[in-house]
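Here is what each chain is made of, one letter per residue.
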Amino acid sequence: MYQYSDFDRNFLKRRTARFKDQVERRISGALTEDEFRPLRLMNGLYLQLHAYMMRVAIPYGTLNSVQMRKLADIADKYDKGYGHFTTRQNIQFNWPKLRDVPKILEELADVDMHAVQTSGACIRAVTSDHFAGAAADELIDPRPTAELIRQWSSDHPEFAFLPRKFKIAVSGSENDRAVIMAHDIGIRVTRDELGKTGYQVFVGGGLGRTPMVAKPLREFLPKADLLPYLEAILQVYNQIGRRDNKYKARIKITTHENTIAAIKAKVEERFFLQKARFDGSDQKLLEKIENDFTAPEFKKASLEDFYNRQVIDPAFGEFVNNNTHQHKNPDYTIVSVSLKKHGQTPGDATSSQMRLMADIANKFSHDELRVSHEQNIILPHVHKGDVAKVYAALGEDDLECANIGMISDLISCPGMDYCTLATARSIPVAKEIATRFDQLKLEQDIGPIKLKVSGCVNACGHHHVGHIGILGLEKRGVESYQITLGGDASETMSIGKTLGPGFAADEIVAAIEKIIETYLEQRLSREERFLEAFRRIGSTPFKTALYGAEVQKNVA
Amino acid sequence: MSHEHTRAVITANHLLDGYSVYLAERDRWVAHLSDAMQFEDSDFAKQKLTMVENDLSVVGPYLIEISIKEGFVRPTQASEISRVHGPTNYKHNQVSGGL
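This write-up is about the structure you can find in this document. The shown structure was predicted, so the numbers you read here are calculated from the model rather than taken from an experiment.

1. Concerning the overall build of chain A
Line of reasoning, step 1. When helices and strands are counted, chain A shows 18 helices and 21 strands.
Line of reasoning, step 2. Radius of gyration (C-alpha) of chain A: 23 Å, near the 24 Å computed for a compact globule of 556 residues.
Line of reasoning, step 3. C-alpha atoms of chain A, sized along the principal axes, occupy 60 × 60 × 60 Å.
Line of reasoning, step 4. In chain A, which comprises 556 residues, the share counted as buried stands at 61%.
Line of reasoning, step 5. Contacts spanning at least 24 positions in sequence make up 67% of the contacts within chain A whose residues lie at least 6 apart.

Have a look at this one:
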């Protein structure tokens, strides 16, 4: 993991002291809310429906056990004993008190954490593949690049007041687990035909009210050119991105309105000038960062227990089957810890669960944890001989649920239970769907599927790219849920299409059940996954199942 | 048949904990909607809102519509109903400690 320097620590110390003073001035009345609002947002403090909400950055989703324990302590000391892991690989605390926030920031800084750039029209916390540095299919570890971008973008004076927020994601594998094509800039670390490291750069992706798949901007960017190229993109966006209408201010709209060819020409022109201003010190910094991300010292031990136990203990076998992923070291595996036990709030973890995961990571995963954008916790380096011990330990606090990739492993934004922007609740819908399919005992039969729920058009629940997406809206004071089908968050990204009129809160679970029944009837075999079946048969059978042939004709 | 009618109430979030509060008689902020001052006259409500807009103990006061039926007071907008009852996934005691 990246090791903070004295520079980083002093920066956070000064920043926290400054915010402490701002909070005191707000409470004393020296600052009005209008003056204070941008200052608190710059420090990750939002005001939600019921209380303040504090968003803490977990850059590229990477944590060590000390940091995870600190999050647990904060949850106990300053919140209500739990935290919510988000689709941005961050954690949100839903009940901090204003006076406590500077103390929370001080405690976070003690373990090299902060809430900088988790809000505002700036470059937000960079995200990445939650299996980075561990997955067998990885070409190049994306974390050093992500860390370089984090350092470069932190408090970057030129990009502190962009037309709108700006999100960058980095992946180092052909299999995209970081949803890079739904980001303002998506970066894939890759190699050219000569084996030289570089980047494939995409621009203009995003979800929200106008979902768009990012377009390729550069097929291969040499490694040394990354920062000047990113600066060129940001400078072009800063100059021509719209500031007159916040719904048209993201770079996806800039790209759409100006065309990718025009954006590319402007970026290349700017890049030519920008490149000359870099003297190579960024590459020296990158080399230093790369040294912080060397692979852990993998141990050699017996694998016998791993294989034998799967035979004698079917529940453990199911856990291995669903919750582990192939590691680059064949003696190791990546374990995903589900924060979606049936009926639980997706992404929530209690302080005791956080401490347990920290202990397990410390003992069995080379002290590393990751937060996935799918709202689960990853133990990236577990020796196969230890998986049974990890499984047993997780079971001590309800964390052993073997549903990763299944229908109950669904993404859900906080929705109208917490969020001021939401137009409908999403958590109850997510919980009911998970509970229902658990009752039906159909999850294993359905197989891997991505279901994603958002409580408004801003799409924090990524519904556009769910194989099944649910969008909660308000229609005349009543919650209504629209279904989209055919979305895909992977490297073959597609935006789901709306199926038809929405469903009431008490109808939506039954509607999802009908969609799944239709899939099970229509699939060619158990191996044909939901998305494959949908792409083959289209939406008509699903529409007929939900609305009937007659109604469907009228809707059309 | 019971009669249902609508009125306005002024709400905000408390500065210190961010919890929902409602404006009551004598310009006090209270935790429960049922204790809030109800406005029949929208001009008077707007006038009152202007008067409390700079109250430093709360954040962002605004008007909401409530309906009253058989003595029960309930906001008409879903997000305001959520602010009254709190999140549905946990049972928290949500009375503002700042009052």
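2. Some words on the overall build of chain B
Line of reasoning, step 1. Helix and strand counts for chain B stand at two helices and five strands.
Line of reasoning, step 2. Taken against the 2.2 N^0.38 rule, which gives 13 Å for 99 residues, the C-alpha radius of gyration of chain B at 13 Å falls within 12% of a compact globule.
Line of reasoning, step 3. For chain B, the spread of C-alpha atoms along the principal axes amounts to about 45 × 35 × 20 Å.
Line of reasoning, step 4. Each of the 99 residues in chain B was classed as buried or not, and the buried ones make up 46%.

3. A look at helix α17 (residues 530-537) of chain A
All names here are of chain A.
Line of reasoning, step 1. Every buried residue of α17 is listed here: F530, L531, A533, F534 and I537. Along the axis of α17, the buried positions cluster into a sector of 160°, meaning they face one direction only.
Line of reasoning, step 2. Immediately downstream of α17, the backbone of G538 shows phi near 75°, a positive value.

4. Some points on helix α13 (residues 387-394) of chain A
Residues and elements named next belong to chain A.
Line of reasoning, step 1. Most of α13 is tucked away: six of the eight residues are buried.
Line of reasoning, step 2. Of the residues making up α13, those classed as buried are V387, A388, V390, Y391, A393 and L394.
Line of reasoning, step 3. Where α13 is buried, its residues contact α10 (304-312), α11 (314-323), β12 (332-337), α12 (351-364) and β15 (377-383).

5. A closer look at the interface of chain B and chain A
Line of reasoning, step 1. At the interface, 24 residues of chain B touch 30 residues of chain A.
Line of reasoning, step 2. Taking both sides of the interface into account, the surface hidden between chain B and chain A amounts to around 2,200 Å²; carbon and sulfur atoms contribute 57%.
Line of reasoning, step 3. The three residues of chain B that bury the most area against chain A are L15, L16 and N89 of chain B, which together make up 23% of that side's buried surface.
Line of reasoning, step 4. For the pair chain B and chain A, the interface holds zero salt bridges.
Line of reasoning, step 5. Elements with a contribution of two residues or more to the side of chain B that touches chain A: β1 (4-14), β4 (58-69) and α2 (78-85) of chain B.
Line of reasoning, step 6. Per-element tally for the side of chain B that touches chain A: the top contributor is α2 of chain B, with four residues.
Line of reasoning, step 7. Considering only residue class, the side of chain B that touches chain A consists of nine nonpolar, 13 polar and two charged.

6. Quick word on the side chain of E147 of chain A
Residue and element names in this part refer to chain A.
Line of reasoning, step 1. With respect to the helices and strands, the residue E147 is situated in helix α5 (residues 143-153).
Line of reasoning, step 2. A polar contact of 2.8 Å, which involves the side chain of E147, links it to the side chain of Q151.
Line of reasoning, step 3. Contacts of E147, omitting those with residues within four sequence positions, involve Y2, Y60, I289 and F293.

7. A few points about the sheet that holds strand β3 (residues 62-64) of chain A
Residue and element names in this part refer to chain A.
Line of reasoning, step 1. In space, the five strands of this open sheet follow the order β3-β14-β15-β12-β11, with antiparallel pairing throughout. Because the sheet does not close on itself, it has two edges, and the strands there are β3 and β11 (324-326). Strand-to-strand twist across the sheet, computed as the mean angle between neighbouring axes with direction ignored, equals 30°.
Line of reasoning, step 2. The pairing of strand β14 (residues 368-371) with β15 spans two bridges and is antiparallel. Opposite R370, over in β15, you have I378 as the bridge partner.
Line of reasoning, step 3. Docked against the sheet, α12 engages β12, β14 and β15, running at close to 25° with respect to β15.

8. What about the pairing of strand β9 (residues 197-203) of chain A?
All names here are of chain A.
Line of reasoning, step 1. Extensive coverage of β9 is indicated by the burial of six of its seven residues.
Line of reasoning, step 2. Sheet topology note: the strand β8 (residues 185-191)/β9 ladder contains seven bridges and is antiparallel. Considered in β9, the bridge of V189 is made with Y199.
Line of reasoning, step 3. Hairpin connection of β8 to β9: five residues between the antiparallel strands, including G195 at a positive phi of 90°.
Line of reasoning, step 4. Here five bridges tie β9 to strand β10 (residues 215-222), and the two strands are oriented antiparallel to one another. Residue pairing for β10: F202 is matched across the bridge by P216.

9. A short note on the packing of helix α3 (residues 65-78) of chain A against helix α4 (residues 101-110) of chain A
All names here are of chain A.
Line of reasoning, step 1. Contact pair α3 / α4: the axes reach a minimum separation of 10 Å and the direction vectors enclose 160°. Of the possible angle classes, the one that applies to α3 and α4 is roughly antiparallel. For the crossing formed where α3 meets α4, the hand is right-handed. Residues K70, L71, I74, K77 and Y78 of α3 pack against K103, I104, E107 and L108 of α4.
Line of reasoning, step 2. Classifying every residue of the contact of α3 with α4 gives five nonpolar, no polar and four charged.

10. Some points on the side chain of S351 of chain A
Residue and element names in this part refer to chain A.
Line of reasoning, step 1. You can see S351 is positioned in helix α12.
Line of reasoning, step 2. The class of S351 is buried, set by a relative accessible area of 8%.
Line of reasoning, step 3. Those residues in contact with S351, other than ones at most four positions away along the chain, are A72, A75, D76, G81 and Y82.

The rules we used
Residues numbered from 1 in each chain as written. Chains lettered and ligands numbered in written order. Predicted model: local features only at pLDDT ≥ 70, side-chain atom pairs only at ≥ 80, totals over all residues. Heavy atoms only, no water. Helix = DSSP H or I, 4+ residues; strand = E, 2+ residues; numbered from the N terminus. Rg over C-alpha atoms; globule rule 2.2 N^0.38 Å. Buried < 20%, exposed > 50% of the residue type's maximum accessible area, 1.4 Å probe, protein only. Contact = heavy atoms within 4.5 Å. Arc of directions from axis to C-beta. Buried area = accessible area lost by both parts, 1.4 Å probe. Salt bridge = Lys/Arg side-chain N within 4 Å of Asp/Glu carboxyl O. Nonpolar A, V, L, I, M, F, W, Y, C, P; charged D, E, K, R; others polar. Polar contact = N/O pair within 3.5 Å; in protein donor to acceptor, adjacent residues only side chain to side chain. Pairing = 2+ DSSP bridges. Axes fitted to C-alpha atoms, helices over the stretch in contact; angles between N-to-C directions. Parallel < 35°, antiparallel > 145°, perpendicular 65-115°, else oblique. Left-handed = near helix turned anticlockwise from the far one by under 90°.

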